[in-house]
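Structural overview for review
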Amino acid sequence: MLVDVETRRPVDLLPDREASSLAAWLAERPGIEVVCRDRASFFAEGATAGAPQAVQVADRWHLWHNLSEATERCVAQHRGCLGILAREPAESAAVAAPPKEMTGSPWPTGHRFADRIRDRHATIHTLLKAGHSRRSIGRQLHMTHRTVKRLADAAAPEDLFQGQWQNRPTVLDEYKPYLDDRWNQGCTNAWALWEEIVPFDYKGSYQRVRAYLREKRLSPGTVSARPPTPRTVSGWILRHPESLTESEQMRLRAVLAHCPELEALTGHVRSFARMLTERGGERLPEWLDAVRKDDLPTIHTLAAGIDRDRDAVIAGLTLPWNSGVVEGHVNRIKMLKRQMFGRAGFQLLRKRVLLS
């Protein structure tokens, strides 16, 4: 697709993506002064051969897209450093949130059995203080004398919490340390963990494993047991610092403090972003030299590719031209191709693109 960036209209459609086809088309039009393109090698070769007098401008969106892909690969290579975000919330919650046993009540608020006992205990003791007899209370509440006696004799409702699940060993107890370790490693899938412990002679059901993990998932100390993905962390690095929430900023600072390589990567990404938004293409050689000093192989690969196309990249970071106008036409071509599927060839497609 060849588009006039001033009029924003397509001027031609080439049958292939060969450098020779582009060079031949450009050679027939010697008046072309600027060629906006992405960073594909055949576009660079064709533009150089067909329009040597023109200034080639590498598209800024493609430059940022290339940097984002290299950033995600670099973060993935240091995914071990992201585990710090899975440990910190659990450690802080262990200090901030006391265990259930310290509250004096083994049954949590909201449990149906516990709430019913608490309500009955409070009602009976309120009636006793008002001067009602136990027999009278039984008649009013439709309770047996034995039930009223148990509730009245208990100083606190927790003294009556003696259900069938209280302090009884289960077949899962000996496997809980293993499940805790796998949870902290980031594996939170109940079915996968159940399949892992079955070969270790676990005789219990999958539902018991799922219930245990559900308690961990709902408890405040393990909400962040799974570390963030490399894509998430690379998103924090690529976004403007002011657009991050306070929580994201804190978690990113924790990662960068734990991993010097990612801290260096963040500095290079943000300096490139300033260069791109401020149109400071003259600072590109300095940026390339700074990148080569750090141990970041994926960014070195990107820097080598940019260095080979240095003039076009500097022009893209300096001049106002870009290839954004082409993208809308590309979407329209895809729509036309779907409409013409199996019914016409390139010549009709070219006419429809140019005439519409």
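Topic: the layout of surface pockets
In this structure, the second largest pocket spans a volume of roughly 1,300 Å³. Contributing to the lining of the second largest pocket are 37 residues, with Met1, Leu2, Val3, Cys36 and Val326 lying nearest its centre. If you list the elements that add at least two residues to the lining of the second largest pocket, you get β1 (2-4), α1 (19-27), β3 (34-37), α3 (60-77), α17 (324-339) and α18 (346-355). The element contributing the most residues to the lining of the second largest pocket is α17, with six residues. Looking at the lining of the second largest pocket residue by residue, the classes come out as 23 nonpolar, two polar and 12 charged.

Some remarks on α3
For α3, built from 18 residues, the straight-helix expectation of 26 Å at 1.5 Å per residue is met to within 8% by its first-to-last C-alpha distance of 26 Å. Listed as buried for α3 are Arg60, His62, Leu63, Asn66, Leu67, Ser68, Ala70, Thr71, Cys74 and Val75. Those residues of α3 that are buried lie in contact with β4 (55-58), α11 (230-238), α13 (260-277), α15 (297-308), α16 (310-316) and α17. Capping the start of α3 is the job of one residue whose side-chain oxygen sits 3.4 Å from the backbone nitrogen of Trp61: Asp59.

Notes on the nonpolar core
Ranked by size, the top nonpolar core spans 36 residues in total, and within it Leu262, Leu265, Phe272, Leu284, Trp287, Ile306 and Leu317 carry the most contacts. Where this core is concerned, the elements lending two or more residues are α3, α11, α12 (246-258), α13, α14 (284-292), α15 and α16. Here the element with the most residues in this core is α13; it accounts for six residues. Leu284 has contacts with Phe272, Met275, Ile306, Arg310, Val313, Ile314 and Leu317, leaving out every residue within four places of it along the chain. Within the second largest apolar cluster, 13 residues are counted, among which are Leu172, Ala190, Ile197 and Tyr206.

Calculation criteria
Residues numbered from 1 in each chain as written. Predicted model: local features only at pLDDT ≥ 70, side-chain atom pairs only at ≥ 80, totals over all residues. Heavy atoms only, no water. 1 Å grid on protein atoms, 1.4 Å probe; cavity = no way out; pocket = protein on both sides within 12 Å on 5 of 7 lines; lining within 4 Å. Points joined across faces, edges and corners; volume = space filled by probe spheres on them. Helix = DSSP H or I, 4+ residues; strand = E, 2+ residues; numbered from the N terminus. Nonpolar A, V, L, I, M, F, W, Y, C, P; charged D, E, K, R; others polar. Expected span 1.5 Å × (residues − 1). Buried < 20%, exposed > 50% of the residue type's maximum accessible area, 1.4 Å probe, protein only. Contact = heavy atoms within 4.5 Å. Polar contact = N/O pair within 3.5 Å; in protein donor to acceptor, adjacent residues only side chain to side chain. Core = buried A, V, L, I, M, F, W, Y, C linked by side-chain atoms within 4.5 Å.

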